[in-house]
Amino acid sequence: MEKLTMNNKVDKTLPMAVSDGSVRNSTQGGIWAWSIIDYDEQGNLILIGIIGKGRERALPLTTQPTHSYRMEALGLLSLMTFARYDLKWKGGIELHMDNKGVIQTCAKCNKW
């Protein structure tokens, strides 16, 4: 898993999240999900009950296939939107995801 710190610095007080996206058939859509996680007293990762998930359905168009990049990016956008507007979080988030393209694109953004 690649690590992305949304504000380009490591801070132990940052909330941590995991995100993933997937496409089964590139002409029918895909799914994404994320979860905010924490450590317990023994250092094990634990879910804290804040999750997001979604699905995008697409008409079978051969000219606009759905890619895993798009699903990963939609998951990231959902997490960012939830953190800012629902949690009112103004800091960064330590995000773990496995799509290097989304990580590189997000790292180019100055502020989210």
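Residues numbered from 1 in each chain as written. Predicted model: local features only at pLDDT ≥ 70, side-chain atom pairs only at ≥ 80, totals over all residues. Heavy atoms only, no water.

**Q** I keep staring at the overall build of the protein chain and nothing clicks. Help me out?
**A** A tally of regular secondary structure across the protein chain gives two helices and five strands. Listing each helix as α and each strand as β along the protein chain from the N terminus yields β-β-β-β-α-β-α. A buried classification covers 35% of the 112 residues belonging to the protein chain. At a minimum sequence separation of 6, the contacts of the protein chain that also span at least 24 residues come to 61%. By element, 53% of the accessible surface of the protein chain is carried by carbon and sulfur atoms, the whole surface being about 7600 Å². (Helix = DSSP H or I, 4+ residues; strand = E, 2+ residues; numbered from the N terminus. Buried < 20%, exposed > 50% of the residue type's maximum accessible area, 1.4 Å probe, protein only. Contact = heavy atoms within 4.5 Å. Areas by Shrake-Rupley, 256 points an atom, 1.4 Å probe, with all protein chains shown as cover.)

**Q** Hey, could you run me through the confidence of the model for the protein chain in this one?
**A** Detailed reading of the predicted coordinates is not advisable wherever pLDDT is low. Mean pLDDT over the protein chain works out to 79, with 79% of the residues at or above the 70 mark. The spread of mean pLDDT over the elements of the protein chain runs between strand β1 (residues 2-5), the lowest at 42, and helix α1 (residues 68-86), the highest at 89. Segment residues 1-6 is flagged for pLDDT under 50; beyond a separation of four residues in sequence, or across chains, it makes 27 contacts in the model. (pLDDT = per-residue confidence, 0-100.)

**Q** Help me out: how do you make sense of the environment of V23 in this one?
**A** Its location among the elements puts V23 in strand β2 (residues 16-25). Here the alpha-carbon distance between V23 and E72, two residues 49 residues apart in the chain, equals 9.8 Å.

**Q** Just checking my understanding: could you explain the environment of K53 for this structure?
**A** Residue placement: K53 occurs in strand β4 (residues 45-57). Residue K53 is classed as exposed on the basis of its relative accessible area of 66%. Considered as a pair, K53 and S78 are 25 residues apart in the sequence and their alpha carbons are 8.4 Å apart. Other than its neighbours up to four places away in sequence, K53 contacts W32 and A33.

**Q** Would you mind showing me how to read the nonpolar core here?
**A** Nonpolar side chains tend to gather and get buried jointly when the protein is soluble and globular. Grouped together as the largest cluster of nonpolar side chains are 15 residues, with contacts concentrated most on A17, W34, I36, L76, L79, L95 and M97. Where this core is concerned, the elements lending two or more residues are β3 (29-39), α1, β5 (94-97) and α2 (100-107). Sorting elements by how many residues they give to this core places α1 first, with five residues. (Core = buried A, V, L, I, M, F, W, Y, C linked by side-chain atoms within 4.5 Å.)

**Q** Just to check I follow, could you spell out the packing of α1 against α2 for this structure?
**A** Working note: a packed helix pair is described by the angle between its axes plus the distance between those axes. It is the contact of α1 with α2, at a shortest axis distance of 9 Å, that shows an interaxial angle of 50°. As the angle between them shows, α1 and α2 are arranged oblique. Where α1 crosses over α2, the two elements pack in a sense that is right-handed. Note on element contacts: α2 touches α1 through G101, V102, T105 and C106, opposite Y69, E72, A73 and L76. Looking at the contact of α1 with α2 residue by residue, the classes come out as five nonpolar, two polar and one charged. (Axes fitted to C-alpha atoms, helices over the stretch in contact; angles between N-to-C directions. Parallel < 35°, antiparallel > 145°, perpendicular 65-115°, else oblique. Left-handed = near helix turned anticlockwise from the far one by under 90°. Nonpolar A, V, L, I, M, F, W, Y, C, P; charged D, E, K, R; others polar.)

**Q** For this particular structure, what's the right way to read the side chain of H96?
**A** When you line up the elements, H96 lands in strand β5. Looking at H96, its side chain comes within polar contact range of the side chain of E94, at 2.9 Å. (Polar contact = N/O pair within 3.5 Å; in protein donor to acceptor, adjacent residues only side chain to side chain.)

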